[in-house]
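# A closer look at the structure
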Amino acid sequence: MVGIKINKTLRNVLIALAAIILIFVVSSLIPDKTFKAKYEGFDLTTNVGVTSTSKTYAEYLLEHKNAKTPSVTVDIDVLDYDVTKSYGVTLQGDYYGKDVAVTEDSSSVTWAFNVEETGLYNLEIDYIAIPSRNVNMERILYINGEVPFSGADVLSFYRLWKDGGPIKEDNRGNSIRPSQVETFAYQTALFKSDMGYDVDPYKFYFQKGENTITLESTNEPMAISRISLIPVVSYDSYEQYVAKQKSRPEDDKGTGILVKVQGENSLVRSDPSLFARYDRSSATTEPHSVSKTVLNYTGGESWRTPGQWIEWEIEAPEDGWYTLSIKARQLYQRGYVAYRSIYIDGEIPFEELKSVGFPYSSDWKLRTLSDSEKNPYKFYLTKGIHHVRMEVTLGELGNIVSSLQDSIYRLNIIYRTILVLTGVNPDQFRDYGIDKVYPEQVEAMMQESRRLYYYVDEFVKITGEKSDKIAPAETLAIQLEQFYKHPDRITKAFSNFKENITSLGTALLSISESKLDVDYIMIQSANDRVKPDKTDFFKNAAHEITSFVSSFFVDSSSLGNVYDDDADHLIEVWIVTGRDQSQILKNMVDDSFT
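To start, this report covers the structure provided alongside it. Please read these numbers as outputs of a predicted model, since none were measured by experiment.

Below, the discussion takes up the overall build of the protein. Broken down by element type, the protein carries eleven helices and 26 strands. Principal-axis analysis of the C-alpha atoms gives the protein an extent of 90 × 80 × 65 Å. Among the 594 residues that make up the protein, the fraction classed as buried is 46%. Only carbon and sulfur atoms are counted for the fraction: they give 53% of the accessible area of the protein, which is about 31,300 Å². The average position of the 63 basic charges and that of the 85 acidic charges among the side chains of the protein differ by 8 Å.

All right, on to the nonpolar core then. Within the largest apolar cluster, 42 residues are counted, with the highest numbers of intra-cluster contacts made by Leu404, Leu411, Ile418, Leu452, Ile490 and Phe497. At the level of elements, strand 21 (337–344), helix 5 (397–422), helix 7 (439–463), helix 8 (471–485) and helix 9 (494–511) are the ones that each hand at least two residues to this core. In contact with leucine 404, not counting residues within four places along its chain, are Leu452, Tyr455, Ile470, Ala473, Leu504 and Leu508.

For any two helices packed against each other, the geometry is given by the interaxial angle and the distance between the axes. Relative orientation of the contacting elements helix 8 and helix 9 amounts to 150°, with a least axis distance of 9 Å. By the angle between their axes, helix 8 is roughly antiparallel relative to helix 9. As helix 8 packs across helix 9, the resulting crossing turns out to be left-handed. Within the contact between the two elements, helix 8 uses Pro472, Ala473, Thr475, Leu476, Gln479, Leu480 and Phe483 and helix 9 uses Asn496, Phe497, Asn500, Ile501, Ser503, Leu504 and Ala507. Here the residues of the contact of helix 8 with helix 9 sort into nine nonpolar, five polar and no charged.

For the structure shown, the criterion picks out three cavities of 30 Å³ or more. Roughly 50 Å³ of internal volume is contained in the largest cavity. Forming the boundary of the largest cavity are Ile314, Tyr322, Thr323, Leu324, Ile344, Phe379, Leu381, Val388 and Ile523. Elements supplying a minimum of two residues to the lining of the largest cavity: strand 20 (320–329) and strand 24 (379–381). A per-element tally of the lining of the largest cavity places strand 20 first, with three residues. Class assignment of the residues belonging to the lining of the largest cavity gives a composition of eight nonpolar, one polar and no charged.

In this section: the pairing of strand 18 (residues 295–300). Of all six residues making up strand 18, six are buried, and the element is well covered by its neighbours. Where strand 17 (residues 276–278) meets strand 18, three bridges bridge the pair, whose relative direction is antiparallel. Among the inter-strand pairings, tyrosine 278 is bridged to a residue of strand 18, identified as leucine 295.

Here we take up the packing of aromatic side chains. Summed over the entire model, instances satisfying the criterion amount to 29 aromatic pairs. Measuring from ring centre to ring centre gives 4.8 Å for tyrosine 60 and phenylalanine 149, while their planes differ by 50°; the resulting arrangement is tilted. Residue tyrosine 60 is found in helix 3 (residues 57–63), and its partner phenylalanine 149 is found in the loop between strand 5 (137–143) and strand 6 (155–157); the two are separated by 89 residues along the sequence. Classification of tyrosine 60 as buried rests on a relative accessible area of 4%. A ring pair is formed by tryptophan 321 and tyrosine 380, whose centres lie 5.5 Å apart and whose planes are at 65°; its orientation type is edge-to-face. Here the residue tryptophan 321 occupies a position in strand 20, and tyrosine 380 occupies one in strand 24, the gap between them amounting to 59 residues. According to the relative accessible area criterion, tryptophan 321 is buried, its value standing at 1%. For tyrosine 380, a relative accessible area of 15% puts it in the buried group.

Turning next to unusual backbone geometry. Each neighbour pair has its own omega, and for glutamate 286 with proline 287 the value is -15°, a cis peptide bond. Among the structural elements, proline 287 can be located in the loop between strand 17 and strand 18. Even without being glycine, tyrosine 96 reaches a positive phi, approximately 50°. Inspection of the secondary structure puts tyrosine 96 in the loop between strand 2 (87–95) and strand 3 (98–115). Even without a glycine there, the phi angle at aspartate 345 is positive, about 55°. On the secondary structure map, aspartate 345 appears in the loop between strand 21 and strand 22 (356–359).

Our focus in this paragraph is helix 9. When the terminal C-alpha atoms of helix 9 are compared, their 26 Å separation across 18 residues agrees well with the 26 Å that a helix rising 1.5 Å per residue should span. Taken together, the buried positions of helix 9 are occupied by Phe494, Phe497, Asn500, Ile501, Leu504, Ala507, Leu508, Ser510 and Ile511. For helix 9, the secondary structure elements touched by its buried residues are helix 5, helix 7 and helix 8.

The rules behind each value
Residues numbered from 1 in each chain as written. Predicted model: local features only at pLDDT ≥ 70, side-chain atom pairs only at ≥ 80, totals over all residues. Heavy atoms only, no water. Helix = DSSP H or I, 4+ residues; strand = E, 2+ residues; numbered from the N terminus. Buried < 20%, exposed > 50% of the residue type's maximum accessible area, 1.4 Å probe, protein only. Areas by Shrake-Rupley, 256 points an atom, 1.4 Å probe, with all protein chains shown as cover. Lys, Arg positive; Asp, Glu negative; His and termini not counted. Charge placed at Lys NZ, Arg CZ, Asp CG, Glu CD. Core = buried A, V, L, I, M, F, W, Y, C linked by side-chain atoms within 4.5 Å. Contact = heavy atoms within 4.5 Å. Axes fitted to C-alpha atoms, helices over the stretch in contact; angles between N-to-C directions. Parallel < 35°, antiparallel > 145°, perpendicular 65-115°, else oblique. Left-handed = near helix turned anticlockwise from the far one by under 90°. Nonpolar A, V, L, I, M, F, W, Y, C, P; charged D, E, K, R; others polar. 1 Å grid on protein atoms, 1.4 Å probe; cavity = no way out; pocket = protein on both sides within 12 Å on 5 of 7 lines; lining within 4 Å. Points joined across faces, edges and corners; volume = space filled by probe spheres on them. Pairing = 2+ DSSP bridges. Phe/Tyr/Trp six-rings, centres within 6.5 Å; stacked < 30°, edge-to-face > 60°. Expected span 1.5 Å × (residues − 1).

Right, dumping it as structure tokens:
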């Protein structure tokens, strides 16, 4: 037998490595901790103590849970408004081809109409923006003189924006981003949550007989050509969608078709901040350059608010079945999933595309829209131009965000109620007897603790990990549970209680931001396999090396067109602002003064 001798230091290193590996293996086998025991068996819908005076959308639906959903449409004559109850409204014929009711920046317009069947309806509107301050239009909705629920008082309607011209290049080959200009066209929109809490449009209850709706302007004028009560929108399943098409996927023999549209070449968008951007950090971004500024993706920090959308135009060479792939990147929030609703030609094709999730990834991922078993969805497209739109939504996180918002409201009520007794700085040596003076509020603390534990579990179930975004909710849940068990500790940690509520509110704002980058969108023959588009060690190495080498030859301190030192009328200006601001100023000089 041959013996192998190793020195003591090496032996200790090997033992340490083995111990680390063993720890990781064991930890992976231990199931994730949940708080199910904290809330299981309790009715979390019951409110204890003081509750909100305004009605939430969930409460509104619960109130009308037995209402029917009629299959009829009720068209409202927008030109026949109630003059006695309206102001700031004028009628205009042939406005971009339609007769409209123009509602001013400060206006209120009321319509009366008859409903043949009691039930829940969606509200749909055709509108066009009017040149003004270039921000979104906002309205408050009243049904029969009342705001039906919290959320109906903040309805946003978007403008349309596009590039003011083609992407140009300076004399060094760097892309120059075109200015953003507003374009005017009629849009069809459903009344839906401005905060993105609900993916589906709002449902409104109308009784049989005469009803009224009022739209009160809180921001910006707009022209309205149609308002209708329509049957509640429902989406087909993928199987139903396939069954309704002209042919079956298995009968399609098409191959060899691949059409790609770059993210920076979007046709129209809902916000002027959703312009093309450039990225040099990845070896796979298309188009790619390590030495020049090339606009090669869209989205970014600005594409985060629910309701914002970007639309692309893509052409199918022939009738047939295609797969749809999106090369995207969500590197903004670890432990978070960014959701988008996918529209094709103005409609969500089927239920599964209401909210498509893009988990955290530090690099680009080519995502082929697929089911839970990774079977690609197949889309039937006719020959010609089609429009693909991606709209920000909170998706599965919407209900959690909405519920956390309600919890914050209730916790603030609890805080203010106790504040009346104790003041801002309670006496640490006095027993206020809070559990005897406000027993309902102490009980409400425990109820909110159970809810918060539940929301933490639901968040982790969706995102796959417990991140810093939901940590404040867990901290508050633990603190509220301790307050319930030991009411005498409330005054000792009263200021900390308020700080924890504030921290949860701040985290909620972060959760509500759903940022995403898009490199390109691609349709491909359904019979062809989608080739992966990902980087590897050699691509990354080549990218980093060429980036390093080019840094010695590229003048990164200069912006836009660069001229020879002996050029006539040359002015050299040093600017201390950011690069984007400096580039805008340089573009203005080149376009307007040279």
